[in-house]
Amino acid sequence: MSALRRYEILLPKRFNDGSAIPRRYFGETLSELRERFGAVSNETQTIRGQWEYGGVIFRDEVIRIFVDAPRSPDDQSFFVSFKETLKDRFQQIEMWITAFDIEII
């Protein structure tokens, strides 16, 4: 058995103004994660949600990507920094990255 940490990122399919995000942004993101961690996975289904910021309701369409990596303070720091990269790349107010322990059997 192996103990790992899973990092999940919700990537928006549209900018906050409603225009489509170029496909290459997703490819760049997946490539960067694969190069750092050796593997990355993504789901093709669209997750729909709503959230409010400054009195404005935003409707999201996102995809989920995830990376499984050994527990490491360096990896946690990487994702804190990578979040800012993604906020800039995808022109978002916030990016949702979650992390939780998993055990491979």
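None of the values given here were measured: they were computed from a predicted structure.

Visitor: So what exactly am I meant to see when it comes to the side chain of Gln 92 here?
Guide: Looking at the element boundaries, Gln 92 is found in the loop between helix H2 (73-89) and strand E5 (96-104). Judged by its relative accessible area of 10%, Gln 92 falls in the buried class. Within the local environment of Gln 92, its side chain forms a polar contact with the backbone oxygen of Phe 90, the two atoms lying 2.9 Å apart.

Visitor: Before we go on, may I ask you to explain the packing of aromatic side chains in this structure?
Guide: The relative placement of two aromatic rings is captured by the distance of their centres and the angle of their planes. As enumerated under the stated definition, the model contains 10 aromatic pairs in all. Ring centres of Phe 37 and Phe 79 lie 5.4 Å apart, and the angle between their planes is 15°; this geometry places the pair in the stacked category. With a gap of 42 residues between them, Phe 37 in helix H1 (residues 23-37) and Phe 79 in helix H2 connect regions that are remote in the sequence. Of the residues examined, Phe 79 reaches a relative accessible area of 4% and is grouped as buried. Considering the side-chain rings of Phe 78 and Phe 82, the 5.1 Å spacing of their centres and the 20° angle between planes classify their relative orientation as stacked. Taken together, the residues Phe 78 and Phe 82, both in helix H2 and 4 residues apart, mark about one turn of the helix.

Visitor: What is the right way to look at unusual backbone geometry in this model?
Guide: Despite not being glycine, Gln 91 has its phi angle at roughly 50°, a positive value. Within the fold, Gln 91 resides in the loop between H2 and E5.

Visitor: What's the story with H2 in this structure? I'm lost.
Guide: Quick reminder: α-helices carry 3.6 residues per turn. Residues three or four places apart thus point the same way. The terminal C-alpha atoms of H2 lie 24 Å apart, and with 17 residues this matches the ideal 24 Å at 1.5 Å per residue to within 8%. Residues of H2 that are buried include every one of Asp 75, Phe 78, Phe 79, Phe 82, Leu 86, Lys 87 and Arg 89, and no others. Looking at the buried positions of H2, the neighbouring elements they touch are strand E1 (2-12), H1, strand E4 (56-69) and E5. Residue Ser 72 occupies the N-cap position of H2, its side-chain oxygen lying 3.1 Å from the main-chain nitrogen of Asp 74. Where H2 ends, the next residue or the one after it, Gln 91, has phi of about 50°, a positive value.

What counts as what
- Residues numbered from 1 in each chain as written.
- Predicted model: local features only at pLDDT ≥ 70, side-chain atom pairs only at ≥ 80, totals over all residues.
- Heavy atoms only, no water.
- Helix = DSSP H or I, 4+ residues; strand = E, 2+ residues; numbered from the N terminus.
- Buried < 20%, exposed > 50% of the residue type's maximum accessible area, 1.4 Å probe, protein only.
- Polar contact = N/O pair within 3.5 Å; in protein donor to acceptor, adjacent residues only side chain to side chain.
- Phe/Tyr/Trp six-rings, centres within 6.5 Å; stacked < 30°, edge-to-face > 60°.
- Expected span 1.5 Å × (residues − 1).
- Contact = heavy atoms within 4.5 Å.

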